[in-house]
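Each chain, letter by letter, is given below.
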Amino acid sequence: MISITVESVGGLEIKDSYGREITNLRISVTRNCNLRCEYCHHEGEKDNKNNTMTSDEIAKITSLAAKLGVEKVKITGGEPLLRPDITEIIKKIREIKEIKEISMTTNGVLLNVKAAELKKAGLNRVNVSLDTINPVKYKNITGVDALKKVKEGIEKAVKENLTPVKINMVILKDINSNEIETMIEWAQGKHVILQLIELIPLGRLYQQYYYNLKEVENKLLLTSTRVVEREMQKRRKYYLKSGVEVEVVRPNHNSEFCANCTRIRLTSNGYLKPCLMRDDNLQDILTPLRRGESEDQLLELFKKTIRMREPYYK
Ligand code: SAM
């Protein structure tokens with residue numbers, strides 16, 4: 001029987017009424033994407049391609065978040081690498097001294113060409129979405145024949161030290177649920193961490209493709225030398241005997257996941273979004289920023305939004 005170590009994250013300032021601190025800001029920098037994954041949750045954003053924040057606006061809102069305890073920023077989208085000013089955005093966030101880590105989740109299609117400049121701008125690490133290494137399935141899932149480019153992007157990210165590079169594999173029943181072993185073998189020796197992600201009930205096709213990862217976790221336990229549970233969202237990381245590291249993300253109907261959530265989101269059109277799953281508690285921060293409201297007023301708005309956070313699964 002192996003023991004499970006619990007890792008903790010730094011303690012911080014503002015808490016919501018459930019005692020949860022906010023240490024992570026997840027920023028969607030665009031709604032546009034160059035892939036068409038049918039299951040995509042679009043970071044919980046409704047169709048809205050207008051009014052995208054500028055790099056200065058993103059940096060300003062991030063600096064407010066930093067004053068309230070945020071230390072880690074995740075850049076997402078849409079596909080963040082489609083923004084021509086993506087390195088500007090990273091450089092500006094890098095200048096905020098409280099921000100200790102900037103990471104990005106990308107589909108990896110443009111990563112090979114951009115990895116070096118992203119690193120230079122101050123990006124610490126990347127998550128690359130890759131649900132299969134079968135080219136035909138890849139095209140079926142994403143609508144685009146880009147597997148080769150994504151693999152090149154992953155190699156380049158490792159080479160540029162955008163590490164740890166995490167591979168986000170969303171598990172889809174009868175599509176790639178039988179490829180977990182194959183992905184684990186593929187990951188061996190590549191210096192990446194494989195993240196197995198349960199499908200979240202947003203976007204289309206949830207009923208058809210949801211696959212529960214409980215059994216997979218049980219199997220991973222048998223082939224692990226060590227398991228570490230991260231305080232943030234109680235995710236477990238399995239250190240397999242083969243040397244591969246596998247993280248499992250299971251947010252569905254998981255009150256522990258929500259109880260330990262330290263994240264707030266910023267939509268591409270400048271709304272603070274306390275929860276991926278909800279649309280009824282968004283707070284527009286871009287309009288008051290554009291109106292020229294004072295920093296104190298904007299901070300008050302931010303604090304009010306943090307206090308409104310509630311666990312989705314209680
Ligand atoms: N385009 C970027 C990418 O592909 O990583 C960033 C945006 S994408 C929405 C961010 C992450 O969410 C990806 O790893 C994707 O696989 C994951 N994702 C999208 N829809 C999901 C769903 N319904 N359930 C679980 N994860 C999902």
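Before going into details, it helps to say that this report is about the structure given with it. (Residues numbered from 1 in each chain as written. Predicted model: local features only at pLDDT ≥ 70, side-chain atom pairs only at ≥ 80, totals over all residues. Heavy atoms only, no water.)

A closer look at unusual backbone geometry
To keep it simple, the criterion reads: Only DSSP runs of H or I reaching four residues or more are called helices, and only runs of E reaching two or more are called strands; each is numbered from the N terminus. Buried, partly exposed and exposed residues are distinguished by accessible area as a fraction of the type maximum, computed with a 1.4 Å probe on protein chains only: under 20%, between the cut-offs, and over 50%, respectively.
Following threonine 163, the chain continues into proline 164 via a peptide bond in cis, with omega recorded as -5°. With respect to the helices and strands, proline 164 occurs in the loop between α5 (147–159) and β6 (165–171). The phi angle at glutamate 43 is positive, at roughly 55°, despite the residue not being glycine. Checked against the element boundaries, glutamate 43 lands in the loop between β2 (24–28) and α1 (55–67). Looking at glutamate 43, the relative accessible area reads 7%, which means it is buried. Here the phi dihedral of aspartate 174 falls at roughly 65°; this positive angle occurs in a residue that is not glycine. Looking at the element boundaries, aspartate 174 is found in the loop between β6 and α6 (180–187).

Some thoughts on the side chain of asparagine 269
Heads up, the rule is: Here a polar contact is recorded for every N or O atom pair within 3.5 Å, except that within protein the pair must consist of a potential hydrogen donor and a potential acceptor, and residues adjacent in sequence are included only if both atoms are side-chain atoms.
Position of asparagine 269 relative to the elements: it lies in the loop between β11 (263–266) and β12 (271–273). Owing to a relative accessible area of 10%, asparagine 269 belongs among the buried residues under this scheme. A polar contact of 2.6 Å, which involves the side chain of asparagine 269, links it to the side chain of threonine 267.

Section: the nonpolar core
This is how the line gets drawn: In this text, buried Ala, Val, Leu, Ile, Met, Phe, Trp, Tyr and Cys residues form a nonpolar core when linked through side-chain atoms within 4.5 Å.
Leu130, Ile167, Leu196 and Phe302 are the most contacted members of the largest nonpolar core, which has 75 residues in total. Counting residues in each nonpolar core, the second largest holds 10 residues, with Leu172, Ile197, Tyr206 and Phe257 among its members.

Comments concerning the environment of glutamate 215
Position of glutamate 215 relative to the elements: it lies in helix α8 (residues 214–222). For the pair glutamate 215 and glutamate 101, spaced 114 residues apart in sequence, the C-alpha separation works out to 33 Å.

Here we look at α5
To keep things clear, this is the line we draw: Expected helix span is taken as 1.5 Å per residue step, with the number of steps being one fewer than the number of residues. In this analysis, two residues are considered to be in contact whenever any of their non-hydrogen atoms come within 4.5 Å of each other.
For α5, spanning 13 residues, the distance from its first C-alpha to its last is 19 Å, which sits close to the expected 18 Å at 1.5 Å a residue. Packed against the buried residues of α5 are α3 (111–121), β5 (125–129), α4 (135–142), β6, α6 and β7 (192–198). With its phi angle positive at about 70°, asparagine 161 sits one or two positions after the end of α5.

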